[in-house]
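Remarks on the overall topology
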Amino acid sequence: MKTLPILLLTGLLHGAPLQANQVHHHHGDDDVLTMLVLNDGAKWPVDTVLSEAMLRLRAQLLTHLDDIHHKRFTASQYQQFSQMLQQEVNHIVANCKLTPEADAQFHLVLAAMMQSQQAMAASELTTQRQGAVKLLRALQRYSEYFNDDAFLPITH
């Protein structure tokens, strides 16, 4: 996961554009997630570290999704979720080993996850909830673009 410099990731957080023929649009998505592309029509490979971390994030989100959806999740719960998300992001960055091409694509998902973490760490409930929705979108896109048989798509 260390193949892309931090500057590139920072650029992704600010929506740095790809060439027009590389962009795959999903209406309503965050800009960074619309830049994901498949590998010549196939999903990108993952490693065990990434798969296990993404499965943990999926399980945590599903555990709380009903409360988030019905606005019963508290500011304190969002902040705790934010801390857990940050730990998983740190683990992925430190230990995941992907091909350079797959790594570049995953950095788009990672950027959305980092935006989610920052929003859930905020103090305002509306911002925190938007962060959780951003995480849901990132996990949905992960299942669409990465070949992780253990990770079932999230439908909501």
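Figured I'd write up the structure that's included with this text.

Reading the values: rules and limits
Residues numbered from 1 in each chain as written. Predicted model: local features only at pLDDT ≥ 70, side-chain atom pairs only at ≥ 80, totals over all residues. Heavy atoms only, no water. Axes fitted to C-alpha atoms, helices over the stretch in contact; angles between N-to-C directions. Helix = DSSP H or I, 4+ residues; strand = E, 2+ residues; numbered from the N terminus. Parallel < 35°, antiparallel > 145°, perpendicular 65-115°, else oblique. Left-handed = near helix turned anticlockwise from the far one by under 90°. Contact = heavy atoms within 4.5 Å. Nonpolar A, V, L, I, M, F, W, Y, C, P; charged D, E, K, R; others polar. Core = buried A, V, L, I, M, F, W, Y, C linked by side-chain atoms within 4.5 Å. Buried < 20%, exposed > 50% of the residue type's maximum accessible area, 1.4 Å probe, protein only. Salt bridge = Lys/Arg side-chain N within 4 Å of Asp/Glu carboxyl O. Phe/Tyr/Trp six-rings, centres within 6.5 Å; stacked < 30°, edge-to-face > 60°.

Direction vectors running N to C along helix α2 (residues 48-69) and helix α3 (residues 75-95) enclose 170 degrees, while the axes themselves pass 9 Å from each other. Here α2 is positioned roughly antiparallel relative to α3, judged by the angle of their axes. Considering how the two elements wind past one another, α2 and α3 form a crossing that is left-handed. Judged by residue contacts, Val49, Leu50, Ala53, Met54, Arg56, Leu57, Gln60, Leu61, His64 and Ile68 of α2 engage Tyr78, Phe81, Met84, Leu85, Glu88, His91, Ile92 and Asn95 from α3. Split by residue class, the contact of α2 with α3 holds twelve nonpolar, four polar and two charged.

For the rest of this paragraph, the subject is the nonpolar core. Core analysis: the largest hydrophobic core is formed by 40 residues, its most contacted members being Met54, Phe106, Val109 and Met113. Where this core is concerned, the elements lending two or more residues are α2, α3, α4 (100-120) and α5 (125-145). Here this core takes nine residues from α4, the largest share from any one element. Filtering out sequence-adjacent residues up to four positions away, methionine 54 remains in contact with Ile92, Phe106, Val109, Met113, Leu139, Tyr142 and Phe151.

Attention shifts here to the pattern of salt bridges. With the rule as written, the count across this model stands at four salt bridges. Note that arginine 72 and aspartate 66 form a salt bridge whose closest N and O atoms lie 2.6 Å from each other. Exposure remark for aspartate 66: the relative accessible area of 44% places this residue in the partly exposed category. Salt bridges linked by common partners bring Asp66, Asp67 and Arg72 together as one network.

According to the stated counting rule, one finds six aromatic pairs in the structure shown. On the basis of an interplanar angle of 85 degrees and a centroid distance of 5.8 Å, the ring pair of phenylalanine 106 and phenylalanine 146 is categorised as edge-to-face. Here the residue phenylalanine 106 occupies a position in helix α4, and phenylalanine 146 occupies one in strand β2 (residues 146-147), the gap between them amounting to 40 residues. Overall, the relative accessible area of 0% leaves phenylalanine 106 in the buried class. Relative accessible area serves as the criterion here: at 1%, phenylalanine 146 is assigned to the buried category.

Let's shift gears to the side chain of serine 51. Relative to the assigned elements, serine 51 resides in helix α2. You can call serine 51 buried: its relative accessible area is 12%. Excluding residues that lie within four positions of it along the chain, serine 51 makes contacts with Val46, Tyr142, Asp148 and Ala150.

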